[in-house]
Amino acid sequence: MYTTCTLQSVQQASVSLLAVGRRSARASDINSIKSHINQWRAWNPSFKTSMPHTLGFKNLSTGALLCPANLDWTDPAVQKGLRDGTIPAGPRDLPKYLWKNEYCDPEPSRVLVGYLQGDLLVRGIRHLLIAPSAAHLPGSSHSSRNGNAAIHNVASISMWLIAYTACIIRFVLSTQTNMAAGNSRADPTKWRYEEFYNTIIKTAMALPQSSLERLLVWWNETIFGAGYDNSDDDDDKRHESNKSIPSIASILQAAASAGDLGL
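The model shown is predicted, which means the values in this text are computed figures rather than measured ones.

A word on the overall build of the protein. Along the backbone of the protein there are nine helices and zero strands. Along the chain direction, N to C, the helices and strands of the protein fall in the order α-α-α-α-α-α-α-α-α. For the protein, the residues scored as buried account for 42% of the 263 residues in total.

Moving on, we come to the packing of aromatic side chains. Under the counting rule described, the total for this entry stands at seven aromatic pairs. For the ring pair Phe57 and Trp73, a centre distance of 6.2 Å and an interplane angle of 35° mean the geometry is tilted. With Phe57 in the loop between α1 (7–36) and α2 (60–66) and Trp73 in the loop between α2 and α3 (76–84), this residue pair connects regions lying 16 residues apart in the sequence. A single burial state applies to Phe57 and to Trp73, both of which are buried. Among the aromatic residues, those joined into a ring-pair cluster are Phe171, Trp191, Tyr193 and Phe196. The ring of Trp191 has Arg170 lying over it, and the distance from NZ or CZ to the ring centre is 3.7 Å.

What follows is about the packing of helix α4 (residues 119–129) against helix α6 (residues 159–173). Interhelical geometry of α4 versus α6 gives an angle of 105° and a closest axis separation of 9 Å. Relative to α6, the element α4 lies roughly perpendicular. Counting all contacts with α4, which are made through Leu120, Leu121, Gly124, Ile125, Leu128 and Leu129, the residues of α6 involved are Leu161, Ile162, Tyr164, Thr165, Ala166, Ile168, Ile169 and Leu173. Class assignment for the residues of the contact of α4 with α6 results in twelve nonpolar, two polar and no charged.

In this section: the environment of Ser46. Considering the arrangement of structural elements, one finds Ser46 in the loop between α1 and α2. Ser46 sits 15 residues away from Ser61 along the chain, and the two C-alpha atoms are 7.2 Å apart.

Turning our eyes to something else, we now look at the confidence of the model for the protein. Looking at the protein as a whole, the pLDDT averages 80, with 68% of positions reaching at least 70. Every residue in residues 9–18 scores below 50 in pLDDT, and together they form one contact with partners more than four places removed in sequence or on other chains. Here residues 232–243 scores under 50 on pLDDT; set against residues more than four positions off or in separate chains, the count is 17 contacts.

Let us now look at the pattern of salt bridges. Within the structure shown, the criterion is met by five salt bridges. The shortest N-O distance in the salt bridge between Arg123 and Asp119 comes to 3.0 Å. Taken together, the residues span about one helical turn, with Arg123 and Asp119 both in helix α4 at a distance of four residues. Through salt bridges with shared partners, one network takes in Arg41, Glu102, Asp119 and Arg123.

In this section: the packing of α6 against helix α7 (residues 193–205). Across the interface, α6 lies against α7 with an axial gap of 9 Å and an inter-helix angle of 140°. The orientation of α6 relative to α7 falls into the category oblique. As α6 runs across α7, the sense of the crossing is right-handed. Residues Met159, Trp160, Ala163, Tyr164, Ala166, Cys167, Arg170 and Phe171 of α6 pack against Tyr193, Phe196, Tyr197, Ile200, Ile201, Ala204 and Met205 of α7.

So, about α6. Spanning 15 residues, α6 covers 21 Å between terminal C-alpha atoms, matching the ideal 21 Å at 1.5 Å per step. Counting buried residues along α6, 13 of its 15 residues qualify, which places the element largely inside the surrounding structure.

Between the first and last C-alpha of α7 there are 18 Å, a value that for 13 residues agrees with the 18 Å anticipated at 1.5 Å per step. Of all the positions in α7, only Tyr193, Phe196, Thr199, Ile200, Ile201, Thr203 and Ala204 are classed as buried.

Mapped onto the elements, Thr165 comes out in helix α6. With a relative accessible area of 0%, Thr165 lands in the buried category. Not counting residues within four places of it along the chain, the set of residues in contact with Thr165 comprises Leu121, Gly124, Ile125 and Leu128.

Residue position: Val111 is located in the loop between α3 and α4. Of the residues examined, Val111 reaches a relative accessible area of 0% and is grouped as buried. Between the C-alpha atoms of Val111 and Ala69, which are 42 residues apart in sequence, the distance is 9.4 Å.

With that settled, the discussion passes to the environment of Ile130. Relative to the helices and strands, Ile130 is located in the loop between α4 and α5 (147–151). Through-space distance from the C-alpha of Ile130 to that of Phe224 is 9.4 Å; in sequence the pair is 94 residues apart.

Thresholds, definitions, all that
- Residues numbered from 1 in each chain as written.
- Predicted model: local features only at pLDDT ≥ 70, side-chain atom pairs only at ≥ 80, totals over all residues.
- Heavy atoms only, no water.
- Helix = DSSP H or I, 4+ residues; strand = E, 2+ residues; numbered from the N terminus.
- Buried < 20%, exposed > 50% of the residue type's maximum accessible area, 1.4 Å probe, protein only.
- Phe/Tyr/Trp six-rings, centres within 6.5 Å; stacked < 30°, edge-to-face > 60°.
- Lys NZ or Arg CZ within 6 Å of the ring centre and 35° of its normal.
- Axes fitted to C-alpha atoms, helices over the stretch in contact; angles between N-to-C directions.
- Parallel < 35°, antiparallel > 145°, perpendicular 65-115°, else oblique.
- Contact = heavy atoms within 4.5 Å.
- Nonpolar A, V, L, I, M, F, W, Y, C, P; charged D, E, K, R; others polar.
- pLDDT = per-residue confidence, 0-100.
- Salt bridge = Lys/Arg side-chain N within 4 Å of Asp/Glu carboxyl O.
- Left-handed = near helix turned anticlockwise from the far one by under 90°.
- Expected span 1.5 Å × (residues − 1).

Spelled out as structure tokens, the structure:
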């Protein structure tokens, strides 16, 4: 007996296989970074990614990185609030590790300086795109190897890759045990990674074209070297009790029209 395959069934099967492939690749990336992130710097205090229940805001190192960029992690009240949930840290409360030197000046005229130039982002993309050993290079250095980028024919850094890497790093540093898109209605206990990803994309795309291009040039030179030339490429709602505190994403989007990245 023969099975009749309709175009619709073939398309559905293809979509299903692609979804499985994406999940498998993401799991591989997560496990790889989880196994190496402890080696990227001298952490004090140290932490074990194999024990996620001890991470997030429970650990001083990971908490400092995940702290919303417009809050002061050194303030004990902020640490307590983030740990007990009285201070929200949702997808629009962008964390400090997205900024260069893990520091963000929340003033509208300065908030974009260093945005999406964080050390962990650079190391994460080197790890995924070149090789795990490339993540150990000093911040201003680049690998002479093409690594995975050449194997997969990746010639430039995209904003989507930056946002994807940011999601993986956030998950690895958090107390979460499973990474999912997250839906506050279906399961409010799951962190909303899809919204986090989209927030990063939206804040970056709100920049003037020239500023966005400068940011991507910086990324390509950081990863591939100063001689990089790719001219052929195509050019949450916050917690009700905290409505008075604007999310860092809101500040970023308001400041994006100025386009001052400090580059």
